[in-house]
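# Descriptive structure summary
Here is what each chain is made of, one letter per residue.
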Amino acid sequence: MAIETETFLEYLVVEYRWVIVILALLPMSAAWKLWSIIRNYVVFKMNSAPKMHDDKVKEVQRQIKEWLSGDKSTHLCTARPTWQTMSFRHSMYKRTFTNIQINLVDVLEVDKENMTVRCEPLVTMGQLSRTLAPLGLALPVVPELDQLTVGGLVMGTGVETTSHVHGLFQHVCLEYELVLADGSVVNCSKDENADLFYAVPWSYGTLGFLTSVVIKVIPAKKYVRIHYYPFNNLPDLAKRFSQESLKPNPHQFVEALLYTRDSGVLMLGNMVDEVGRDGKLNPIGVWHAEWFFKQVEKHLKRKRTAIEYIPLRDYYHRHTRSLFWELQDIISFGNNFIFRYLFGWLMPPEVSLLKLTQPEAVTKLYNKAHVIQDMLIPIELLEKAIAFFHDEFEVYPIWLCPFKIFNNPGQLKIKPGEESQMFVDIGVYGVPKAKGFETIASTRRVESFVIQNQGFQMLYADTYTTREEFRQMFDHKLYDRVRASLPNCKEAFPEIYDKVNRNVRK
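Bear in mind the structure is a predicted one, so any value in this text is a computation, not a measurement.

In the structure shown here, the tally under the stated rule is 25 salt bridges. As a salt-bridge pair, Arg318 and Glu160 come within 3.7 Å of each other at their nearest N and O atoms. Of this pair, Arg318 sits in the loop between α10 (312-316) and α11 (337-343) while Glu160 is found in the loop between α5 (150-155) and α6 (163-166), placing the two residues 158 residues apart along the sequence.

Let us look at the confidence of the model for the protein. Summary statistics for the protein give a mean pLDDT of 90 and a share of 91% for residues scoring 70 or more. Low pLDDT (under 50) marks residues 1-5, which in the prediction has 10 contacts with non-local residues, meaning those over four places away or in another chain.

Moving on, we get to a nonpolar patch on the surface. Taken together, the side chains of Trp287, Phe337, Ile338, Tyr341, Leu342 and Trp345 define a hydrophobic patch exposed on the protein surface, amounting to about 700 Å² of accessible area. Residue placement: Trp345 occurs in the loop between α11 and α12 (351-356). According to the relative accessible area criterion, Trp345 is exposed, its value standing at 54%.

Strand pairing in a sheet takes place through backbone hydrogen bonds and is either antiparallel or parallel in direction. The sheet built from nine strands is open, its strands ordered β13-β14-β10-β12-β11-β16-β17-β15-β18 with mixed pairing. Each edge of the sheet is formed by a strand with only one pairing partner; in this case those strands are β13 (280-281) and β18 (456-457). Pairing of strand β11 (residues 253-260) with strand β16 (residues 398-406), which is carried by three bridges, proceeds in the antiparallel orientation. The residue bridging Ala256 from the neighbouring strand is Leu400, located in β16.

With that settled, the discussion passes to the pairing of strand β10 (residues 223-231). With respect to burial, β10 is a largely interior element, seven of its nine residues being buried. In this structure, β10 lies alongside strand β12 (residues 263-272), joined through nine bridges in antiparallel fashion. The partner of Arg225 across the bridge, within β12, is Asn270. The pairing of β10 with strand β14 (residues 306-311) spans six bridges and is classified as antiparallel. If you follow Tyr223 over to β14, its bridge partner there is Pro311.

So, about the packing of aromatic side chains. In this structure the tally under the stated criterion is 26 aromatic pairs. With a centroid separation of 6.5 Å and 55 degrees between ring planes, the pair formed by Tyr315 and Tyr316 is classed as tilted. In this pair, the class of Tyr315 matches that of Tyr316, namely buried. A centroid spacing of 6.2 Å and a plane angle of 65 degrees characterise the contact between Phe389 and Phe393, whose relative ring orientation is edge-to-face. Neither Phe389 nor Phe393 differs from the other in exposure class; each is buried. Pairwise contacts between aromatic rings join Trp202, Phe403, Phe423, Phe456, Phe470, Phe474 and Tyr497 into one cluster. One Lys or Arg, Arg240, reaches over the ring of Tyr229 and ends 4.5 Å from the middle of that ring.

Strand order in the open sheet formed by five strands is β3-β4-β8-β6-β7, and the pairing between neighbours is antiparallel. At either margin of the open sheet sits one strand with a lone partner, and together these are β3 (107-111) and β7 (185-188). Looking at each pair of strands side by side, their axes are set apart by 15 degrees on average, direction ignored. Relative to strand β8 (residues 209-216), strand β6 (residues 173-179) is paired through six bridges, and the arrangement is antiparallel. Paired with Val179 across the strands is Phe209, a residue of β8. Across the sheet, helix α3 (residues 49-68) lies against β3, β4 (116-119), β6, β7 and β8, angled at about 45 degrees from β6, the strand it touches most. Of the strands in this sheet, β3, β4 and β8 touch helix α4 (residues 125-132), which is tilted by about 40 degrees from β3.

Thresholds, definitions, all that
Residues numbered from 1 in each chain as written. Predicted model: local features only at pLDDT ≥ 70, side-chain atom pairs only at ≥ 80, totals over all residues. Heavy atoms only, no water. Salt bridge = Lys/Arg side-chain N within 4 Å of Asp/Glu carboxyl O. Helix = DSSP H or I, 4+ residues; strand = E, 2+ residues; numbered from the N terminus. pLDDT = per-residue confidence, 0-100. Contact = heavy atoms within 4.5 Å. Patch = residues over 30% accessible without salt bridge, like charges linked within 9 Å, V, L, I, M, F, W, Y side chains within 5 Å. Areas by Shrake-Rupley, 256 points an atom, 1.4 Å probe, with all protein chains shown as cover. Buried < 20%, exposed > 50% of the residue type's maximum accessible area, 1.4 Å probe, protein only. Pairing = 2+ DSSP bridges. Phe/Tyr/Trp six-rings, centres within 6.5 Å; stacked < 30°, edge-to-face > 60°. Lys NZ or Arg CZ within 6 Å of the ring centre and 35° of its normal. Axes fitted to C-alpha atoms, helices over the stretch in contact; angles between N-to-C directions.

Printed below as a string of structure tokens:
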């Protein structure tokens, strides 16, 4: 699709954006990653983070108390610029809110006896997996992209191919520390301040400022043994996908990629310590490796099952290098073997830098002809949902990831009387090819489908629901009660809807 531009310079920036990415953003991204790795390693090894943490929390308290001593005419939010977040949108509310500086970027401690890790909210998945791997540990749920933060995954949500066993990211979090709107510090868990503990996930920073999280860890092995199963029939794929997700003793990892409405690859995996004779080692984390989703597609074209062994950390971040498949729209030749050998070690560019340098014409294109959505649907409706999404969007590949929701208090509703319910995350990222696609109308119809089928929409995505529809999608009873019970909460923070609806994002 052609992009309308207003000036010749803008035309050059849009049409040759890949030049800027290669010559500027990739080196800048690499330098930032290198500095972050060294800085985080030194801080963790020196064990200085726990000592600094209390001072950083006190600084958050100081800023809130300063707001309290004023006229309190504005809401509060973090000062983290929206271009630094993983979402492709910018949150406009930050321009008028009081911004609170929160410099909480460190892994605080790993407790191997109690099998937990305590970290600050701006710690990333890449940082955590890099810290835990040498200790033979891993998070039970590791959302794929390196730059996803603990705070974002708690206040929004996080899902991974182990979520059919462990649930969402919130379900492996054991304790939260927050600074509330009155400046007090509170800890909450299922046994202490339980209402607040269960209300925090999906609250999008509208109950307080998250300052640390205690997360469960598990023993890790060296590799993941992946078995690829290609399908050219959606009913068969959906049936097998559901069966594998719902097994009493399932595989540790379950995932599928759809390449058309009727074809895709199911992947089943388990941790192992050695490479077996039934498959080959595939170090997909090396700089020159082909993009993972392209490797998976080859199994579909070969029309036969296959087994591979992938190093564990490579597997966890398998979609990072190509940002799932979004980078192919920015660097169309990014998977070319020459490019990979020359520049693969610099990939991917930081999403934050991509956003910061994104011209207005590209923003308009994203508004008009680009979909980034994760819809969470009961797993028994997978086939029906794919058919509906195909008619409205027709975007491929589609990411399928099963996950379990437990019958805990909070915003996520499951079938009455059930201990848990299995859902599937349908990730749709790309340019729609469906006839008659219109961004608002099509997305509204998909949102309506999700609500009618007792599903959910991830909060990072474009939300076109009305306030009433949003409250129909999510259960606000506990959330409303907690907001009413916390001092100054309603003065300090808007409701979730006021931070996530499309009118406050551009």
